[in-house]
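Here's the letter readout for the chains.
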Amino acid sequence: MAITHPQFNPVALDLGFLQVHWYGLMYLLAFLSAYVLATFWGKKRGDFTGEMVSDLIFFGAMGVILGGRIGYVILYNFGEFLANPAYLFKVWEGGMSFHGGFVGVLVAMFFFGRKYKKHAFTVLDFIAPCVPLGLLFGRIGNFINGELWGRVSHGDYGHLMYFPQAVNADFNLINANPSLQAIAKPVGEHLLLPRHPSQLYQAFTEGVLLFILLWWFSSKPRPRYAISALFLLGYGCSRFTTEFFRQPDVGYELIFGWMSKGQLYSLPMIIAGVILMSLAYKNKVYDWQKI
C-alpha cells in the first residue's frame, strides 16, 4: 500500500528574525561533510593542508552555486532567460542543475589548481570521494520539499508514494487517461496517483552507494584520472538508471520516446569516465603514495 508524502514544512527552524529552510540546511550539511572528509583525506595523503582544504571547499561551493544556477537556466529554462534575463537571479524561485554545478566545480578546481600549482586532476581526484554525501543531502532536500517526484507506477509496491505536490500533474494524467482512476487515491479533495519516490532512489545510488565505492577505491593510491573517472562512471550510470523512475521535466518531451534530459546530459559523463580510466592505467602517473 502506497503512502502519502507528509508535506514537510519547508522551514526547518523559525527563529522569528531568521528562517532556516530545509534545502538551505541540506546545502550546509553537504559542504560541511565535504570539509570533514577532505580534512581527513588531506591528512592521510599529506599533500593538502588545512588551509588548502578550506580554500578548496570555498572554491567548490562557488562552483556548485553559480554553476548549478546558470546551468539550470541554460539547460532547462533558456527561453525564460531570453525573455527576461533577470530570471537568472531569481534564486528564491528555485532551480539548480547538477550538471551545471558539475561544470562549475570543474572550472573552480582548475582555478584552485592554478593557485596552488597542482594539476587539475590531482585536485579532482582528491575531492571526488567527498562529493557523494553532498549529493545524498541534496536529494534528501528534494524529498523533503516534495519536488522532482517519480513516475506513476501500476505496481503494488509498499514504498510508492502519493505526492500532493503533484496534484496538477495527476489531474492532467487522469483526464487524459481515465483508466488511471483505478489506481488513484482520494487525498483531500483530489485524486492522486502512486509514484516512485525517485528522490530516495537517487539519494541511495548517487549518495550512499557512490560514496562507499569511491571511498573504498581511493583508499589505495590510484593513477591520476582514475578516481575522477570512477566518479563520472558511477554518477553517470546511476543517474541514467534512476531517471527511468523520475518524472521527466515539465515541458520537455522524451528524446527518442524514452530518454530524459537528465539521461542525455549523463551520457557524456559515462563516455568521459571510460576515456579517463583508460588514460589513467595507460599513463600510470601517481600523485601520492602510502607511507
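Residues numbered from 1 in each chain as written. Predicted model: local features only at pLDDT ≥ 70, side-chain atom pairs only at ≥ 80, totals over all residues. Heavy atoms only, no water.

1. So, helix α5 (residues 120-127)
Quick reminder of the rule: Only protein chains enter the accessibility calculation, which uses a 1.4 Å probe. A residue is then buried if its area is under 20% of the maximum for its type, exposed if over 50%, and partly exposed in between. Each helix is a run of H or I in the DSSP string that is no shorter than four residues. Each strand is a run of E no shorter than two, and both are numbered from the N terminus. Contact criterion: two residues are considered in contact whenever any of their non-hydrogen atoms come within 4.5 Å of each other.
In terms of burial, α5 is a largely internal element, six of the eight residues being buried. Every buried residue of α5 is listed here: T122, V123, L124, D125, F126 and I127. Against α1 (22-45), α2 (50-76), α4 (98-116) and α9 (226-242) lie the buried residues of α5.

2. A closer look at a nonpolar patch on the surface
As a reminder of what qualifies: Like-charged residues are merged into a patch within 9 Å and nonpolar side chains (Val, Leu, Ile, Met, Phe, Trp, Tyr) within 5 Å, provided each residue has over 30% relative accessible area and no salt bridge. Surface accessibility in these figures is a Shrake-Rupley result with a 1.4 Å probe; residues are shielded only by whichever protein chains are displayed. Salt bridge, as used here: a side-chain nitrogen of Lys or Arg that lies within 4 Å of a carboxyl oxygen of Asp or Glu.
On the surface, F58, M62, I65, L66, I70, I74, F78, L82 and M96 cluster together to form a nonpolar patch covering roughly 830 Å² of accessible area. For I74, the position within the fold is in helix α2. Look at I74 and you get partly exposed, because its relative accessible area is 47%.

3. Considering the sheet that holds strand β7 (residues 194-195)
Threshold: Here, strands pair whenever DSSP counts at least two bridges between them.
The three strands are arranged β1-β4-β7 in an open sheet whose pairing can be described as mixed. The sheet is open, and its two borders are formed by β1 (3-4) and β7, each paired with just one other strand. With two bridges connecting them, strand β4 (residues 161-162) and β7 associate as antiparallel partners. Within the sheet, the bridge partner assigned to M161 lies in β7 and is R195.

4. A closer look at the environment of F244
Turning to its location among the elements, F244 is positioned in the loop between α9 and α10 (261-283). As a C-alpha pair, F244 and G150 span 94 residues in sequence and 8.7 Å in three-dimensional space. Not counting the four nearest positions on each side in its chain, F244 is found in contact with R151, W258 and Q263.

5. A word on the side chain of R246
As for its placement among the helices and strands, R246 is situated in the loop between α9 and α10. Among the residues examined, R246 registers a relative accessible area of 8% and is labelled buried. If we ignore the near neighbours within four places in the chain, the residues touching R246 are R139, L148, W149, G150, R151, S198, Q202 and R239.

6. Here we look at the pairing of strand β2 (residues 11-14)
A regular strand carries its side chains on alternate faces of the sheet. Note: β2 against strand β3 (residues 19-21), three bridges, orientation antiparallel. Bridge pairing links L13 to V20 in β3.

7. Comments concerning the packing of aromatic side chains
Going by this rule: Here the aromatic set is Phe, Tyr and Trp, taking the six-membered ring for Trp, and pairing holds for ring centres within 6.5 Å; pairs whose planes are under 30 degrees apart are stacked, those over 60 apart are edge-to-face, and all others are tilted.
For the structure on display, the rule yields 22 aromatic pairs. Look at Y23 and Y27: their rings are 5.3 Å apart centre to centre, the planes differ by 70°, and that puts the pair in the edge-to-face class. Taken as a pair, Y23 and Y27 lie in helix α1 at a separation of four residues, close to a single helical turn. A relative accessible area of 24% means that Y23 is categorised as partly exposed. The exposure class of Y27 is partly exposed, given its relative accessible area of 22%. Here the aromatic rings of W41 and W215 are separated by 5.9 Å at their centres, their planes lie at 45°, and the arrangement is tilted. Of this pair, W41 sits in helix α1 while W215 sits in helix α8 (residues 198-217), and the two are 174 residues apart along the sequence. Residue W41 is classed as buried on the basis of its relative accessible area of 1%.

8. Describing unusual backbone geometry
Trans is the prevailing form of peptide bonds, just as negative phi is the prevailing case for residues other than glycine. Positioned with a positive phi, Y225 is a non-glycine residue whose angle comes to about 90°. Structurally, the position occupied by Y225 is in the loop between α8 and α9. The exposure class of Y225 is buried, given its relative accessible area of 17%. For F256, which is not a glycine, the phi torsion comes out positive at approximately 60°. Summarising the element assignment, F256 is placed in the loop between α9 and α10. For F256, a relative accessible area of 69% gives the class exposed.

9. With respect to the pattern of salt bridges
Applying the stated criterion across every chain, the model contains seven salt bridges. For R45, the salt bridge identified is with D47, shortest N-O distance 2.7 Å. What makes R45 buried here is its relative accessible area of 7%. Here D170 and R195 are joined by a salt bridge, their closest N and O atoms 2.6 Å apart. Placement of the pair is D170 in helix α7 (residues 167-176) and R195 in strand β7, with a sequence separation of 25 residues. Neither residue differs from the other here; D170 and R195 are each classed as buried. Each of R239, E243 and R246 takes part in salt bridges that share partners, so that together they form one network.

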